[in-house]
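If you want the building blocks of each chain, they are given just below.
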Amino acid sequence: MKNRIFHSGLAIFPENRTFLERPRINKLLDSAVRSPLVTISAGAGYGKTQAVYSFLQKYDAVATWIQLSVRDNLGTRFWENFVRTIALYDEPFAAWLSEIGFPETDDQFEKYLSIPEDEIAGKKNVVVFDDFHLIENASVLQFIKRSVQTPFPNITTILISRMEPDINTVSLLSKGLVVSLNEDDLRFTEEETARYFQLLGIPLSSQSVSNIYDDTAGWAFALHLIGLSLKKSPSHEREARTAMKLNIFKMIENEIFHVISERLQRFLIRLSLIDQLSTELVSILAKDETLVEEMKKISSFVRYDIYLNAYLIHHLFLDYLRQKQELLTENEKRDTYLRAARWCDKNDHKMDAISYYEKAGKYKPIMKIVYHFPLQIPIDQAKFVLDIYDNGPPQRLERIASYCLQRSRLLISLGRYEEAIAENNAHIKKYSALPSSDFNNYVLWGAYQALGVINYFTLPWTDRCDFDVLLEKADYYYRLNPSNEFGSVTNISLDAWGSKVGTARPGAMEEYIETLTRAIPYMMNILNGCMYGLDDLARGELQFYKGDLKMAEKFIKQALLKAETRNQYEVRNRALFYLLRIGVAQGDFEKTQGVLKDLEAQLEMGEYGARFITYDIVSSWYYLIIGQPQRVASWLKGNFAQSSFAIFKANFGNLIKAKFYYANKRYYELLSFLESEQAPTAVLFGKLEMKVLEAACQYQVKNRDASLLALREAYNLALSNDLTMPFIALGKAMRTLTAAAIRDKKCDIPRQWLEMINRKAATYAKRRLLVISEYKKANNLGDDVSLSPREMDVLRDLYHGLSRSEIAANHDLSINTVKMVLNTVYTKLGADNVADVIRTALDRKLIK
């Protein structure tokens, strides 16, 4: 029984009805696929693809075949191709891959490497990248290189190329983990040549076989063409060999192209313009099924794949057809591209659709596709589309009302804010001076909307909080012409925080929330509910950071209800994140479990594109809090992300990574990040969180002066807004640090503030322990408590009735140190007094 091969549908290889089984090649491949990487390098027509395809049909493995093309030199288009192939057999996994996006950064690749184990466990997996020689893009090459070096023992990658693959595999080669096959391995032997012609039913003498073998040097495609010729004229072996020597394309022309109708000739040339050969699209292009039936008769060069429901064309035949494209009229080319674009657009092959629309000279459909891109458009995607606009006819583009807004979004995604601001101000100046019209009002709506969005997202750096005024203008022009030809963006991307305030200036937080409250009605109108609930999220967030959990919970729940009514998934997710943090701070295990269930429910909301990433981030925070770092998503245990747009998911992920590093005592690595240019998030809450972690890290590595300096800087960031939670939530570590600060005579942080933080951190630590204890009970986990040697010494002395001063003298410690150690023991054992701690220690058999 044939093994099913999941193919991207762009393959161009033959499956001859008289295909010769080659046990020698199968044996080579059977041995080769035991290695992580197999490279197969040979020129066109050597049967590379056919050999691998035939082998995999019988090999017991999940085979994923990625057919590459020149268009795959765009990372996002390559990823569409890759994900589309995975979706043929695992749609949920493909959805997850689609969400993480093309793994261009270290952070994204770490997410890719966190493939759920059940996706690859057990059965052998083979991933084939065909036509690898077409790839020149450094990011795509880097992805494939890193992929072949993954730690999964049951995955083999096969690279099929016309030249030696251009990736550095020295590390694998040095370990003997790469197997390479070349032209010499793939050539037909003289014996195989004889068997091939026997299979075709062509009687040849040994001498004729030897002559053909000498002339072709075992080149599979040449043997195939000679076979076609000899089937017609069995006695003309010498003429067939001579024709093959003279010109392979000439032979294709004589033996294939000239024997088909002119109508089919033109149709095949049209097919060579495109990569997608779905049966549906082929029928759309043919307009006549008799033409498709005629095409099926040359099945050695154009064959139907039942699994893909698509047609596949041989490489060399395709090369030949492409040389004939000048025979088509411009109208024929444009019609082909337009039909292909519409089919790709309808079937969610968006990057191909954009390419074909451009070739067809249709720019408005491109803008419709781009309009529905996520707010944070990937850089290579944004550059690709902007290049299309820049190279397009200006007069035609500028007659499309949404063009100005589209350019702004692309410029914003590329970080070219000043350029976007200048262009939109120019549009406002020009179109405000013109008479009111639907077109002019649309342009003005887009220009003010773009400026408002830029103002909002750059607020952490500019401290300019008047985006509501700009959005009010946008709303005014939108109401004059409320028809949005492309529908509406409905969600806004957030990082870890609802606030965009970057300054510690007194009153800045309140100004932001008031501005947001005024702006949201406008955003809801012009962008279909976008931002609804974000102002309440910001209010609750501020109260949370102030340590007022009751007020925080009130506003956060209001935000949650609003977000749910208008499908504001990002607002809903962050609201749940804060409710989870509040539950831990209150020691309410049941509340945390309810929130986690609501988070899991979001995984079923297919419209929420970032659901897997945000679930990983929020749930990983919880696992760190309850002392289960092994359950943190693997990609959040890796290197910190770099982001040129410093307010989105990279900062959210980095916040959790920083806490993971700290929990795992990777202090020096964390400090290296915190002191780098990567770390500074522009949002005040983020700056405060990271500065508090820096203070704690410095203390752990015995840099006391640096620790107190960082604590002072964190205090300065928090002071004007009375922000306390980042300090309190550090629990035991903050108690230790504030105690050290109180003792240090050089520390100028107010003692009263330090003592307040110390008390509240102790309370937080105890409540956190309650959640941990309940979690362990609910999950039947052990509840072992680990005490340090010093803590055990103090506990034993306490059990034997020694006073604190006696314990201090017994171990040459200060009384304050003894108090601090005892407080730690109380926290670890969940005790409130001496009697509790002794009873609990005896119950746990810590003392006898």
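For the structure itself, consult the block above.
Cut-offs used in this document
Residues numbered from 1 in each chain as written. Predicted model: local features only at pLDDT ≥ 70, side-chain atom pairs only at ≥ 80, totals over all residues. Heavy atoms only, no water. Helix = DSSP H or I, 4+ residues; strand = E, 2+ residues; numbered from the N terminus. Buried < 20%, exposed > 50% of the residue type's maximum accessible area, 1.4 Å probe, protein only. Contact = heavy atoms within 4.5 Å. Areas by Shrake-Rupley, 256 points an atom, 1.4 Å probe, with all protein chains shown as cover. Lys, Arg positive; Asp, Glu negative; His and termini not counted. Charge placed at Lys NZ, Arg CZ, Asp CG, Glu CD. Core = buried A, V, L, I, M, F, W, Y, C linked by side-chain atoms within 4.5 Å. Salt bridge = Lys/Arg side-chain N within 4 Å of Asp/Glu carboxyl O. Arc of directions from axis to C-beta. Axes fitted to C-alpha atoms, helices over the stretch in contact; angles between N-to-C directions. Parallel < 35°, antiparallel > 145°, perpendicular 65-115°, else oblique. Left-handed = near helix turned anticlockwise from the far one by under 90°. Nonpolar A, V, L, I, M, F, W, Y, C, P; charged D, E, K, R; others polar. Pairing = 2+ DSSP bridges. Disulfide = S-S within 2.5 Å.

**Section: the overall build of the protein**
What the protein contains, in helices and strands, is 45 helices and eight strands. Burial statistics for the protein: of 848 residues in total, 58% are counted as buried. Considering only contacts in the protein between residues 6 or more positions apart, those separated by 24 or more positions represent 71%. Total accessible area on the protein is roughly 36,000 Å²; 50% of this is exposed by carbon and sulfur atoms. Averaging the positions of the 107 positive and the 104 negative side-chain charges in the protein gives two centres separated by 2 Å.

**Examining the nonpolar core**
Judged by nonpolar contacts, the single largest core of 169 residues is most densely connected at Trp79, Leu97, Tyr456, Tyr622, Leu711 and Phe727. Ala32, Trp65, Ile260 and Tyr389 belong to the second-largest nonpolar core, a separate cluster that totals 92 residues.

**Section: the pattern of salt bridges**
With the rule as written, the count across this model stands at 44 salt bridges. Arginine 71 is paired through a salt bridge with aspartate 275; the nearest N and O atoms lie 2.7 Å apart. Of the two residues, arginine 71 sits in the loop between strand 3 (62–67) and helix 3 (75–87) while aspartate 275 sits in the loop between helix 15 (262–271) and helix 16 (279–286), which places them 204 residues apart along the sequence. Aspartate 275 shares its class with arginine 71; the two are buried. Where aspartate 466 meets arginine 464, a salt bridge forms, and the shortest distance between an N and an O atom there is 3.1 Å. Aspartate 466 gets classed as partly exposed once you look at its relative accessible area, which sits at 23%. We classify arginine 464 as partly exposed; its relative accessible area is 49%. Salt bridges linked by common partners bring Arg71, Asp72, Arg77, Asp275 and Asp352 together as one network.

**As for helix 1 (residues 23–32)**
Quick reminder: α-helices carry 3.6 residues per turn. Residues three or four places apart thus point the same way. If you check which residues of helix 1 are buried, you get Ile25, Leu29 and Ala32. Buried residues of helix 1, viewed axially, fall in a sector of 60 degrees; they line one side. Exposed residues pointing more than 90 degrees away from the buried face of helix 1 are listed as Pro23 and Lys27. The inward-facing, buried residues of helix 1 contact strand 2 (37–41), helix 2 (48–58), strand 6 (178–181) and helix 9 (183–186).

**Some points on the packing of helix 15 against helix 16**
Remark: helix 15 packs on helix 16, axes separated minimally by 11 Å, with the N-to-C direction vectors making an angle of 130 degrees. Classified by the angle their axes make, helix 15 and helix 16 are oblique. For the crossing formed where helix 15 meets helix 16, the hand is right-handed. Contacts from Phe267, Arg270 and Leu271 in helix 15 reach Val282, Leu285 and Ala286 in helix 16. Residues that form the contact of helix 15 with helix 16 fall into these classes: five nonpolar, no polar and one charged.

**Topic: the environment of asparagine 567**
Residue placement: asparagine 567 occurs in the loop between helix 31 (549–565) and helix 32 (569–585). By relative accessible area, which is 44% here, asparagine 567 ends up partly exposed. Each C-alpha atom, one on asparagine 567 and one on aspartate 475, is 21 Å from the other, the two residues being 92 residues apart in sequence.

**Brief notes about the pairing of strand 4 (residues 125–130)**
Counted residue by residue, strand 4 has six buried out of six residues, so it is predominantly covered. The alternating pattern of strand 4 places Asn125, Val127 and Phe129 and Val126, Val128 and Asp130 on opposite faces, both of which are buried. Bridge analysis of strand 3 against strand 4 gives six bridges, and the strand direction is parallel. Paired with valine 62 across the strands is asparagine 125, a residue of strand 4.

**Section: the packing of helix 42 (residues 789–799) against helix 44 (residues 815–829)**
The geometry of a pair of packed helices is captured by two quantities: the angle between their axes and the separation between those axes. Direction vectors running N to C along helix 42 and helix 44 enclose 90 degrees, while the axes themselves pass 10 Å from each other. In terms of orientation, helix 42 lies roughly perpendicular with respect to helix 44. Contacts from Arg790, Glu791, Val794, Leu795 and Leu798 in helix 42 reach Thr817, Val821, Leu822, Thr824, Val825 and Lys828 in helix 44. When the residues that make up the contact of helix 42 with helix 44 are grouped by side-chain class, the tally is six nonpolar, two polar and three charged.

**As for the state of the cysteines**
Using the criterion set out here, one finds zero disulfides in the structure. For cysteine 697, which is in no disulfide, the shortest distance to another cysteine sulfur is to cysteine 747 and amounts to 18 Å. Since its relative accessible area comes to 0%, cysteine 697 is described here as buried.

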